[in-house]
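# Descriptive analysis of the structure
If you want the building blocks of each chain, they are given just below.
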Amino acid sequence: MLNCSTKAICSRGFIPNVVSVRYRRVNVQKPRKPDHYRAVIDTIAMPKYPWPKPSDMKWSERCPKPFSKAFKQIEENPYENILAKELRELFEQSAMIAIFHKNPVKGEIDFKTAKTFKMADMDYVVYGKSTLKLALADTNYAAVLDLFQSHSSIVFSSTSQVPKLLKITKKTPHLILLASIVDGKLLSKNQTVEYGNLVNIDNARAALVGVIEQVNNRCLQTIGQTQLTMVRYLEQYGKSLDVNTEKKSTEESD
């Protein structure tokens, strides 16, 4: 048989109550001394020097991070030197360089973008800021370093095919054109668009040759107009002389 307490717990109307019981009152004002082992640990762990107050410290001494960055020595990375050398050669040998701000996208979209540029005979690369600084610090392209503040990417091309670049950029909205270097000249985004909208150089040369030929023909016509009129007047005068001589000859014969 179950006892009464078990029956009470198993019954449906039982509600347990939790009651906290304190057997000894804690003396907060005068706590008791710790035991010997704890007193030894507290004595050993006690700081020898007082903690400095932030109010008594200088502004330069309150944050140790700037000092750690200032005295931090960056080790030279041989692999980074190789990448910087390759990057400098790309800048010097490329006829067209485009700098983009790259928004975060999936790896699949980034792979398709690189494939699109590769099919257009362009190289789509991404380098770190430290590598760029190491490659372009002492060159004529040092002004470009201010553009690499966040995620950036570069497109290199051996020929200046700006219209094709702008056409590809319209299909890649995650790439925002910041600037470009075409034939050794730094162009902004608007200047790059204007340069891409220009007529082809061969067609422009053909139009220029046509304009020069028109001017040449007009000059020849203007210069030879007086000679032609003089020749025409002389022909008319010669014809009139022939008519007069014929009339005189007929009158003398009569």
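Thresholds, definitions, all that
Residues numbered from 1 in each chain as written. Predicted model: local features only at pLDDT ≥ 70, side-chain atom pairs only at ≥ 80, totals over all residues. Heavy atoms only, no water. UniProt positions renumbered as here; feature names shortened; annotations may be inferred. Salt bridge = Lys/Arg side-chain N within 4 Å of Asp/Glu carboxyl O. Buried < 20%, exposed > 50% of the residue type's maximum accessible area, 1.4 Å probe, protein only. Helix = DSSP H or I, 4+ residues; strand = E, 2+ residues; numbered from the N terminus. Pairing = 2+ DSSP bridges. Axes fitted to C-alpha atoms, helices over the stretch in contact; angles between N-to-C directions. Parallel < 35°, antiparallel > 145°, perpendicular 65-115°, else oblique. Left-handed = near helix turned anticlockwise from the far one by under 90°. Contact = heavy atoms within 4.5 Å. Nonpolar A, V, L, I, M, F, W, Y, C, P; charged D, E, K, R; others polar.

Per an unreviewed UniProt entry, the recorded name for the protein chain is Large ribosomal subunit protein uL10m, and the organism is Aphis gossypii. In UniProt, the protein chain has this text filed under Sequence similarities (unreviewed entry): "Belongs to the universal ribosomal protein uL10 family."

Applying the stated criterion across every chain yields a total of three salt bridges. For D110, the salt bridge identified is with K102, shortest N-O distance 2.8 Å. The burial state of D110 is the same as that of K102; both residues are buried. The partner of E108 in a salt bridge is K112, with the nearest N and O atoms 3.8 Å apart. Placement of the pair is E108 and K112 together in helix α6 (residues 107-119), with a separation of four residues, close to one helical turn.

Moving on to the pairing of strand β3 (residues 152-157). Walk down a regular strand and you will see the side chains alternate between the two sheet faces. β3 sits mainly inside the fold: six of its six residues count as buried. Side chains S152, I154 and F156 project from β3 onto one buried face, and the interleaved S153, V155 and S157 project onto a second face that is buried too. Of the pairings in the sheet, the one linking strand β1 (residues 96-102) to β3 comprises six bridges and is antiparallel in character. In the strand pairing of β3, A98 is matched with V155. In terms of strand pairing, strand β2 (residues 123-125) meets β3 through three bridges, oriented antiparallel. Looking at the pairing, Y124 lines up with V155 of β3.

In this section: the packing of helix α5 (residues 78-93) against helix α7 (residues 129-136). Axis separation between α5 and α7 bottoms out at 8 Å; the angle between their running directions is 60 degrees. Relative to α7, the element α5 is oriented oblique. The element α5 and its partner α7 pack so that their crossing is right-handed. Only S130, T131, L132, L134, A135 and L136 of α7 make contact with α5, whose side of the interface consists of E80, N81, L83, A84, L87, R88 and F91. Residues that form the contact of α5 with α7 fall into these classes: eight nonpolar, three polar and two charged.

Turning our attention to the sheet that holds β3. Taken together, five strands build an open sheet; the order of strands is β2-β3-β1-β4-β5 and the sheet is antiparallel. If you trace the sheet from one side to the other, it starts and ends with β2 and β5 (185-188), each paired once. With direction set aside, neighbouring strand axes in the sheet form an average angle of 25 degrees. Bridge analysis of β1 against strand β4 (residues 175-182) gives seven bridges, and the strand direction is antiparallel. Bridging from a neighbouring strand, H101 pairs with I176 of β4. The sheet contacts of helix α8 (residues 162-171) involve β1, β3 and β4, and relative to β1 the element is tilted by about 15 degrees.

The subject of this paragraph is the packing of α8 against helix α9 (residues 189-196). Packed helix pairs are characterised by how far apart their axes lie and by the angle those axes make with each other. Relative orientation of the contacting elements α8 and α9 amounts to 120 degrees, with a least axis distance of 8 Å. In this structure, the crossing between α8 and α9 has a hand that is left-handed. Only T192, V193, Y195 and G196 of α9 make contact with α8, whose side of the interface consists of V162, P163 and L166. Tallied by class, residues from the contact of α8 with α9 come to five nonpolar, two polar and no charged.

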